[in-house]
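In case you want the letters, here they are:
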Amino acid sequence: MRFTFLRSVPSYYREVHQAICSRTDERVPISVFQRVLSRTSLSITVQNQIAEHVNSGDGFISKVSLYKGLALIALAQQGKPPSPKLLENFIQEFPKPQLGEPKELQSLKMQTVQESPLNLSLTLGELLKKDTIKVELIPEKKGLFLKHVEYQVTTKRFAVSVYRRYNDFDVFHELLLQRYAYRVVPALPPKRALKGVLTSMSEREFIEGRRRALDRFLNLVARHPVFSEDELVKTFLTFSGSDVQTKLRDACKKLGDEFMTCKYATHAKDYLPADIQSQFSSSRELIKNIHSSLQKLRDRAERMAERSKENATDLLMFGKELSSLGSDESPVPILASCKSPWAALRRSVKGLSVEFSLLSEKAAQQGRREEDDVVEKLNLFLDLLQSYRDLCERHEKGVLHEHQRALQKYGVMKRQMLSATVQPKEQVSVEQLESRIVQQENAIQAMELRNYFSLFCLHQESQLIFTYLPITSHILGAFVNSQVQGHKEMGEVWQDLHSKLKSLFGDGNGQSPPLSPK
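Named according to an unreviewed UniProt entry, the protein chain is Sorting nexin 8a originating from Cyprinus carpio carpio. As stated in UniProt under Subcellular location (unreviewed entry), the record for the protein chain gives "Membrane". Under Sequence similarities (unreviewed entry), UniProt gives the following word-for-word description of the protein chain: "Belongs to the sorting nexin family."

As structure tokens, this is what we get:
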């Protein structure tokens, strides 16, 4: 295929290559090819598809890959899907893409890379490195009533610890939603257990579950590419004064909401791809399905962790019963028919409780690994996915609904104005109606700008979700490692126990007697 492709390369393709490659390397930087794509009228989705087909992953594309990319651009401009399969059996000369004169493209390799503000260029590793937050119960407050529970919040980034109560989290969350209504703001856990919940769990378990949820909340906020640089977040994580809630409210009043402070807010429409609505719909549906599947995985992982804990309890009790059995000092009667070895055996049985205690400890460690490395990380990602779904609802029920309602009100006013011109009324009432129409037009314009900014933010938050998706492979790796480590450790103890049993109860040849006749 390569030979056929090179043989049928149009001269325009060669001229484009000469225009954008460097003098010392016939390869073309992928960033330069992306600038070529940006000159087309193709949607962002199609541009990304073409870039993916030619990208080798090392930051450059070969001359042949460039030719393939140019052919795909031309086919896409003709309304055809940009699939490399179309090129395999192409008999005619490849079509010419609409990019202008090759000489005009020379400036593309000189331009500094200016990423669109719509695009998030962070990797998962970069997000996770932004900060690590630890939320811990203050030791002396453990076991008190819920309203007295206090937390120590430690941030690795700012290297400081502060003390917070749940009400502080509540105010912080409320202000974060006010400032960033168009972003994924994770939900807080409930302040108190719902009616009937404490019948199935202890107060201690509820407090620990809430602590874990607050820990996840702060880590997601502190690693968000926008929130992490916000003064509101820094204040919550570092302010050690007596009234953090007042400090947070003052900061929020000074900052205002994101629409009023973001430099891209009023012209967000210019950065949106033409098919933004279809992209939003497809992303929303995919994320909904991922959320549903991960919830089921989390539920299974929770059950496995719970079984490991129950197994630990059973093994410990098993060992205690063996110890109790072996500690029985009751005299063994000497029967005429046989000589019982029980007096010696029960001392050996008591010694086996040590191995079962160790097995119990290993099973408990396994349960903690499953809970901390698997269940908790799944919960972290699920919290993020749920906040994305909440954001989608806020967009539809908030911005879109208000915009539609404003348009309906505007239509009523226009009909009233038309009626006033047909049926003469007092001049004052007509002027008042005209003034109200102008005000409504301004309101609609502001809502349209907010609607586009909401879509702008939604697009970025969708990218954030997809950036987090590789965490699933980390979680699966942690799950497999926990099973390998757990089975290995317990297997070693079982093997020791097996050897001990053979030496204690085996016959002269080291073989244990059969438990049932052959």
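Peer 1: Summarise the overall build of the protein chain; cite the residues concerned and give the values.
Peer 2: Counting secondary structure elements, the protein chain contains 17 helices and 5 strands. Buried residues in the protein chain amount to 40% of all 518 residues. Within the protein chain, contacts between residues at least 6 apart in sequence are counted, and of these 76% link residues at least 24 apart. Accessible surface computed for the protein chain: about 30000 Å², of which carbon and sulfur atoms make up 52%.

Peer 1: Tell me about the pairing of strand 5 (residues 160–165), and name the residues and values.
Peer 2: Looking down a regular strand, the side chains alternate between one sheet face and the other. Sheet topology places strand 4 (residues 150–155) next to strand 5; 6 bridges connect them, and they run antiparallel. Across the sheet, the residue bridging to Val153 is Val162, located in strand 5. Between the antiparallel neighbours strand 4 and strand 5 lie 4 residues, among them Ala159 with a positive phi of about 50°.

Peer 1: Residues and numbers for the packing of helix 8 (residues 166–179) against helix 10 (residues 231–238), please.
Peer 2: Where helix 8 contacts helix 10, the two axes come as close as 11 Å, and the packing angle between them is 175°. As far as their axial angle goes, helix 10 and helix 8 are roughly antiparallel. Listed contacts from helix 10 to Asp168, Phe169, Phe172, Leu175 and Leu176 of helix 8 are Leu232, Val233 and Phe236. Counted by class, the contact of helix 8 with helix 10 contains 7 nonpolar, no polar and 1 charged residues.

Peer 1: Break down the pairing of strand 4 for me, with residues and values.
Peer 2: Note that strand 3 (residues 133–137) and strand 4 share 5 bridges and pair antiparallel. In the sheet register, Lys134 faces strand 4, and the bridge partner there is Thr154.

Peer 1: Please set out the sheet that holds strand 4 residue by residue, giving values where relevant.
Peer 2: Taken in spatial order, the 3 strands of this open sheet run 3-4-5, and their pairing is antiparallel. One side of each edge strand has no neighbouring strand; the edge strands of this open sheet are strand 3 and strand 5. Recorded for the sheet is a direction-independent mean angle of 25° between the axes of neighbouring strands. Helix 9 (residues 203–222) rests against strand 3 and strand 4 of the sheet, and its axis sits at about 160° to strand 3.

Peer 1: Outline helix 10, listing residues and values.
Peer 2: Along helix 10, the residues that are buried comprise Leu232, Val233, Thr235, Phe236 and Leu237. Of the surrounding elements, those touching the buried residues of helix 10 are strand 3, strand 4, strand 5, helix 8, helix 9 and helix 11 (244–255). Its side-chain oxygen at 2.7 Å from the backbone nitrogen of Leu232, Asp230 defines the N-terminal cap of helix 10.

Peer 1: Can you lay out the packing of aromatic side chains for me, pointing to particular residues and giving the numbers?
Peer 2: Using the criterion set out here, one finds 15 aromatic pairs in the structure. Three or more aromatic residues link up through ring pairs in this structure, and these residues are Tyr182, Phe259, Tyr264, Tyr271, Phe453 and Phe456. Here Arg27 stacks its cationic end above the ring of Phe60, 4.1 Å away from the centre of that ring. A cation over a ring is seen here: Arg164 above Phe236, with NZ or CZ 5.2 Å from the ring centre.

Peer 1: Could you give an account of the nonpolar core, with specific residues and numbers?
Peer 2: The nonpolar side chains of a soluble globular protein tend to be buried with one another. Among the nonpolar cores identified, the biggest contains 33 residues, and Tyr13, Ile20, Phe33 and Ile50 are the most heavily contacted of them. Looking at this core, the elements with two or more residues in it are helix 2 (11–20), helix 3 (30–38), helix 4 (44–54) and helix 5 (63–77). By residue number, the principal contributor to this core is helix 5, which donates 9 residues. Every residue in contact with Phe33, bar those within four places of it in the chain, is listed here: Val28, Ile50, Ala51, Val54, Ile61, Leu66, Gly69 and Ile73.

Peer 1: Please set out the side chain of Asn219 residue by residue, giving values where relevant.
Peer 2: In this fold, Asn219 is placed in helix 9. Under the relative-accessibility criterion, Asn219 is labelled buried at 5%.

Peer 1: Run through a negative patch on the surface, naming residues and quoting values.
Peer 2: Among the surface-exposed residues, Glu205, Glu302, Glu306, Glu310 and Asp314 lie close enough to one another that they form a single negatively charged patch. Ranked by residue count, the leading element in the negative patch is helix 13 (residues 276–326), at 4 residues. Residue classification places Glu306 among the partly exposed residues on the basis of a relative accessible area of 42%.

Peer 1: Before we move on, can you summarise the environment of Asp230 with the specific residues and values?
Peer 2: Here Asp230 shows up in the loop between helix 9 and helix 10. According to the relative accessible area criterion, Asp230 is buried, its value standing at 5%. Spatially, the C-alpha atoms of Asp230 and Leu176 are 9.9 Å apart, while their sequence positions differ by 54 residues. Beyond its immediate stretch of four places on either side in the chain, Asp230 contacts Arg179, Tyr180 and Leu255. Within polar-contact distance, the side chain of Asp230 engages the side chain of Arg179 at 2.7 Å. At 2.4 Å, the side chain of Asp230 forms a polar contact with the side chain of Tyr180.

Peer 1: Kindly report on the packing of helix 8 against helix 11, identifying the contributing residues and their values.
Peer 2: Between helix 8 and helix 11, the least distance of the axes is 10 Å, while the angle of their chain directions is 5°. As the angle between them shows, helix 8 and helix 11 are arranged roughly parallel. Across the interface between the two elements, Asn167, Asp168, Val171, Phe172, Leu175, Gln178 and Arg179 from helix 8 touch Val244, Gln245, Leu248, Arg249, Cys252 and Leu255 from helix 11. Residues of the contact of helix 8 with helix 11, tallied by class, amount to 7 nonpolar, 3 polar and 3 charged.

Peer 1: Lay out unusual backbone geometry in plain terms, naming residues and giving numbers.
Peer 2: Residue Ala159 is not a glycine yet carries a positive backbone phi of 50°. Looking at where Ala159 falls in the secondary structure, it is placed in the loop between strand 4 and strand 5.

Peer 1: An account of the pattern of salt bridges is requested, with residue identities and associated values reported.
Peer 2: Inspection of every chain in the model, using the stated rule, returns 21 salt bridges. Arg179 serves as the salt-bridge partner of Asp230, at 2.7 Å between the closest nitrogen and oxygen. Residue Asp230 is located in the loop between helix 9 and helix 10, and its partner Arg179 is located in helix 8; the two are separated by 51 residues in the primary sequence. Taking the relative accessible area as the measure of exposure, Arg179 reaches 7% and is therefore buried. A cluster of three or more residues bridged by salt bridges with shared partners is formed by Glu208, Arg211, Arg212, Arg216, Lys309, Glu371, Asp372, Glu376 and Asp383.

Conventions we followed
Residues numbered from 1 in each chain as written. Predicted model: local features only at pLDDT ≥ 70, side-chain atom pairs only at ≥ 80, totals over all residues. Heavy atoms only, no water. UniProt positions renumbered as here; feature names shortened; annotations may be inferred. Helix = DSSP H or I, 4+ residues; strand = E, 2+ residues; numbered from the N terminus. Buried < 20%, exposed > 50% of the residue type's maximum accessible area, 1.4 Å probe, protein only. Contact = heavy atoms within 4.5 Å. Areas by Shrake-Rupley, 256 points an atom, 1.4 Å probe, with all protein chains shown as cover. Pairing = 2+ DSSP bridges. Axes fitted to C-alpha atoms, helices over the stretch in contact; angles between N-to-C directions. Parallel < 35°, antiparallel > 145°, perpendicular 65-115°, else oblique. Nonpolar A, V, L, I, M, F, W, Y, C, P; charged D, E, K, R; others polar. Polar contact = N/O pair within 3.5 Å; in protein donor to acceptor, adjacent residues only side chain to side chain. Phe/Tyr/Trp six-rings, centres within 6.5 Å; stacked < 30°, edge-to-face > 60°. Lys NZ or Arg CZ within 6 Å of the ring centre and 35° of its normal. Core = buried A, V, L, I, M, F, W, Y, C linked by side-chain atoms within 4.5 Å. Patch = residues over 30% accessible without salt bridge, like charges linked within 9 Å, V, L, I, M, F, W, Y side chains within 5 Å. Salt bridge = Lys/Arg side-chain N within 4 Å of Asp/Glu carboxyl O. Lys, Arg positive; Asp, Glu negative; His and termini not counted. Charge placed at Lys NZ, Arg CZ, Asp CG, Glu CD.

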